[in-house]
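The lines below spell out each chain.
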Amino acid sequence: MIEELTRRVQFATEKKKKVCAVSNMIGGYSLKRAISEFGLLAVVSTIWFLILFVRQAFPPLFATFQADFSISNTEVGFLFSVLMGTYAVTQFPSGVLSDRFGNLPIISLGTFLLSVGAVGFSVSPTFTLLAVAASVIGIGSGMHKTVAINLLSEEYAQHRGFALGLMDTVGQFGGVAAPLVVVALQTSTLPWSLLFVATAIVGSSLSFTIHGGYVSRSRPPPDEEHDAGLESPTKASYRQLLFDSRLLLFVIAASLLAFAWNALSAFLPLYLTHAKDLTPETASLIYSLFFGASLTQIVTGRLSDNVAYSTLMLGLVVVVLGGIAILVVGTGGIVIAIAVGVVGVGFHGLRPVRDSYFTVLLPDTIGGGGLGIIRTIMTVVGSIAPALFGLLSDRVGFGVAMMALGGVLLSCFVVLCYQRTK
C-alpha cells in the first residue's frame, strides 16, 4: 500500500513538472512570439491611423482655411486633391521599391516624410506653401498602404482579410478622432496648427520605431540567382494585367468607389452645414460617426476569408447607395446621422474585401509593384473627386453634387455585376 502511494505521488510530481514546463513555454516563447507578430500589425496599423487622422483633419478645417486664406470651395477642394494626388502617384514607386528593399524600410521612410510635411503645413503663411506642404504629406502617406497590404498579406497569409480589416479599422478611427480634435481646438484658444505639430511628433516616433525594431524582418534574403531571373517574369506579369478582363473591370469598379469615397469624405461636413442646415459642431460629430462605422471592416474582412468577394462587394455597394439616397432626401439631425452611419458601414466594409480580392487576382510575380500600379490608378481617379465635387457644388449646389455621386456608385454596381459574369 505504501509502495502504491509512493508511485502515485511520483506520478503526480512528474505530471506537475510537465504542466509547468508547458505553461512556461506558453508564457515565455509563445507569448514573446505573439507579441512580436502582433506588435508588427499594431505598429503598421497605428501609422495608418495617423495617416487617416491628418488626412481627415482637412475637411473639418475647410471653413477655417477659407477664412484664414480667403479661398473658395473650389480652392479647398484643390488643396485636398493635391494631398490625394501626390498620395496617388506614390503608390507604384513605393510598391516597386518595397520589392527591391523590403516593405518596412519604405513604410519607415514614408512615415518620416509625412512628419516633415506636417511640420511644413503647420507653419505655412500662404495658400501656395500650404499646398506644397500638403503634397509632402501626400507623398509620405502614399508610401504606406500599398506596401502595408503586401506586408500583411505575407505575414498573415491564412487570415489575410482579417489582418487587412483590422488595420483599416484601426486606421479609420483616425478619421473618427480628427474632427473631434478639430472641434476641441476650435472651441479653445489653441491654434489649428497644433494638430499638425502633434502629427509630426507621433509620426517621427513611429518611423524610428519601425526602423529600429522591425526593418531587419523585411529585408529580402540575398539570392543572386533569384535576383538575376526576376526582371523577365516581372515584365511578363505586368503585361498580363492588360489582358485580364476580370482584373481590369474590378479596377474600374474600385476606382469609381475611390472617387465617391474621396468626394464624400472631403465635403461631408460642408454638405451637412450648407445643404442640411446643421451646425458646424453637429456636422463634425456626425462626420466622426462616418468613420466610427469602420468597425464593420473587421466583420467584412473575416467574411471575405470565407464568402465570395463579388457577393460581398455587390451587397455593400447597395448599402452605400441606400444611405446616399437617405442623405439626399432626408431631413433632421437624427435621420441624417443614420444615413451617414449607413453610408459609413457600406464604404468601410468594402475596403478589406476589395484589398483581399486584389491580392487574389494579381499574379504572384509582381508583388508590391502590381498592387502599386492598381492603387495608383484608383487614387489618381479618387484624387480628382474633391476638386470636381467642389466645382459642381459651387456651380449647381450641394444637392445636385450629391445626386451625381449616387450616379457614380450606381455605375460601380453595374460594372461589378458585369465583372461577376466573367
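Look a little higher up for the structure.
Residues numbered from 1 in each chain as written. Predicted model: local features only at pLDDT ≥ 70, side-chain atom pairs only at ≥ 80, totals over all residues. Heavy atoms only, no water.

## What to know about the overall build of the protein chain
Point 1. Check the secondary structure of the protein chain and you find 20 helices and zero strands.
Point 2. Here the protein chain holds 422 residues, and 52% of them are scored as buried.
Point 3. Partitioning the contacts of the protein chain with sequence separation of at least 6, the portion at a separation of at least 24 is 85%.
Point 4. Of the roughly 18,500 Å² that the protein chain leaves accessible, carbon and sulfur atoms contribute 68%. (Helix = DSSP H or I, 4+ residues; strand = E, 2+ residues; numbered from the N terminus. Buried < 20%, exposed > 50% of the residue type's maximum accessible area, 1.4 Å probe, protein only. Contact = heavy atoms within 4.5 Å. Areas by Shrake-Rupley, 256 points an atom, 1.4 Å probe, with all protein chains shown as cover.)

## With respect to the packing of helix H8 (residues 160-186) against helix H15 (residues 296-304)
Point 1. Where H8 contacts H15, the axes come no closer than 7 Å and their chain directions differ by 165°. In terms of orientation, H8 and H15 fall into the roughly antiparallel class. Regarding H8 and H15, the two cross each other, and that crossing is right-handed. Residues Gly 161, Phe 162, Gly 165, Leu 166, Asp 168, Thr 169 and Gln 172 of H8 form the contact with H15, whose participating residues are Gln 297, Ile 298, Gly 301, Arg 302 and Ser 304.
Point 2. Its residues placed into classes, the contact of H8 with H15 shows three nonpolar, seven polar and two charged. (Axes fitted to C-alpha atoms, helices over the stretch in contact; angles between N-to-C directions. Parallel < 35°, antiparallel > 145°, perpendicular 65-115°, else oblique. Left-handed = near helix turned anticlockwise from the far one by under 90°. Nonpolar A, V, L, I, M, F, W, Y, C, P; charged D, E, K, R; others polar.)

## Quick word on the nonpolar core
Point 1. Judged by nonpolar contacts, the single largest core of 118 residues is most densely connected at Phe 65 and Phe 121.
Point 2. Element by element, the count of residues in this core is highest for helix H13 (residues 245-274), at 19 residues.
Point 3. Setting aside anything within four residues of it in sequence, one finds Phe 65 in contact with Phe 58, Ser 70, Ile 71, Val 76, Leu 79, Phe 121 and Trp 192. (Core = buried A, V, L, I, M, F, W, Y, C linked by side-chain atoms within 4.5 Å.)

By themselves, these observations are geometric and do not establish any function.
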